[in-house]
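Below are the chains, spelled out letter by letter.
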Amino acid sequence: NQPSPNCHLFCEAFRKFLYISKMVAAADSLVWELVKNNNSFMRKKSGKTSRSGSVRFSVERGNLKSLSTYKYSGIANSKTIDISSTDDNRAALTLKTKKAGTSGKSGKATIALNKSFRRTEKTITGQATDNYYRSDLKSAALAKYSAVYRGNRAAKGVKKARAIKRGRA
């Protein structure tokens, strides 16, 4: 009583069918409503007084200001901009592509930012604003690049790290 070769092919095809998972496209606002109160990237910091309240931060990729808001969310928005430092102390600009909704990790385009500061600024502006991608994130992207650039220069030893001010001195 051995199974026929056709049965084996059918079983293998059925097994592949079960493990293929397609992500369903959903509206950005719907995704935000689902993840805004609970997600694994959220960090809540409570204020020292009742008047100051608590602040909600987010550590996901694609969130330029690390704030848990719809505008800066890397999860809920279909178009995101992210600027990060690479292993060799350079910067990289990452954009979500059209395939991001269904393909996950391969749905990102990475652009190396290894030219002079002004040329890199022009690249960021061109990708964010002139390309009709996310013009509302232009200033946040430039601010994040400035911070990454400053940190990379300190890591390379080109410039000394800034001293942290503590209290009144």
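This part covers the environment of Lys-99. With respect to the secondary-structure elements, Lys-99 resides in the loop between strand 4 (91-96) and helix 3 (100-103). Along the chain, Lys-99 and Ser-78 lie 21 residues apart, while their C-alpha atoms are 10.0 Å from each other.

The next point concerns a nonpolar patch on the surface. A cluster of nonpolar side chains, contributed by Phe-41, Val-59 and Ile-75, occupies part of the molecular surface with about 220 Å² of accessible area. Mapped onto the elements, Val-59 comes out in the loop between strand 2 (54-58) and strand 3 (81-85).

In this section: the packing of aromatic side chains. Applying the stated criterion across every chain, the model contains four aromatic pairs. Clustering of aromatic rings is evident, with ring pairs tying together Phe-117, Tyr-145 and Tyr-149.

This part takes up helix 5 (residues 138-156). For helix 5, which comprises 19 residues, the first-to-last C-alpha distance of 27 Å matches the rise-based estimate of 27 Å (1.5 Å per residue) to within 8%. Those residues of helix 5 that fall on the buried side of the exposure criterion are Ala-140, Ala-141, Leu-142, Tyr-145, Val-148 and Asn-152. One or two positions beyond helix 5, positive phi appears at Gly-157, with a value near 90°.

Okay, the sheet that holds strand 3 next. Spatial strand order, 3-4-5: three strands in an open sheet with antiparallel pairing. Because the sheet does not close on itself, it has two edges, and the strands there are strand 3 and strand 5 (108-113). When strand polarity is set aside, the average angle formed by the axes of neighbouring strands in this sheet is 25°. Sheet analysis places strand 4 next to strand 5, joined by six bridges and oriented antiparallel.

Attention now goes to the packing of helix 4 (residues 117-130) against helix 5. Where helix 4 contacts helix 5, the axes come no closer than 10 Å and their chain directions differ by 150°. One way to sum up the angle between helix 4 and helix 5 is to call them roughly antiparallel. Where helix 4 crosses over helix 5, the handedness of that crossing is right-handed. On helix 5, the residues touching Phe-117, Thr-120, Glu-121, Ile-124, Thr-125 and Thr-129 of helix 4 are Lys-138, Ala-141, Leu-142, Tyr-145, Ser-146 and Tyr-149.

About the cut-offs
- Residues numbered from 1 in each chain as written.
- Predicted model: local features only at pLDDT ≥ 70, side-chain atom pairs only at ≥ 80, totals over all residues.
- Heavy atoms only, no water.
- Helix = DSSP H or I, 4+ residues; strand = E, 2+ residues; numbered from the N terminus.
- Patch = residues over 30% accessible without salt bridge, like charges linked within 9 Å, V, L, I, M, F, W, Y side chains within 5 Å.
- Areas by Shrake-Rupley, 256 points an atom, 1.4 Å probe, with all protein chains shown as cover.
- Salt bridge = Lys/Arg side-chain N within 4 Å of Asp/Glu carboxyl O.
- Phe/Tyr/Trp six-rings, centres within 6.5 Å; stacked < 30°, edge-to-face > 60°.
- Expected span 1.5 Å × (residues − 1).
- Buried < 20%, exposed > 50% of the residue type's maximum accessible area, 1.4 Å probe, protein only.
- Pairing = 2+ DSSP bridges.
- Axes fitted to C-alpha atoms, helices over the stretch in contact; angles between N-to-C directions.
- Parallel < 35°, antiparallel > 145°, perpendicular 65-115°, else oblique.
- Left-handed = near helix turned anticlockwise from the far one by under 90°.
- Contact = heavy atoms within 4.5 Å.

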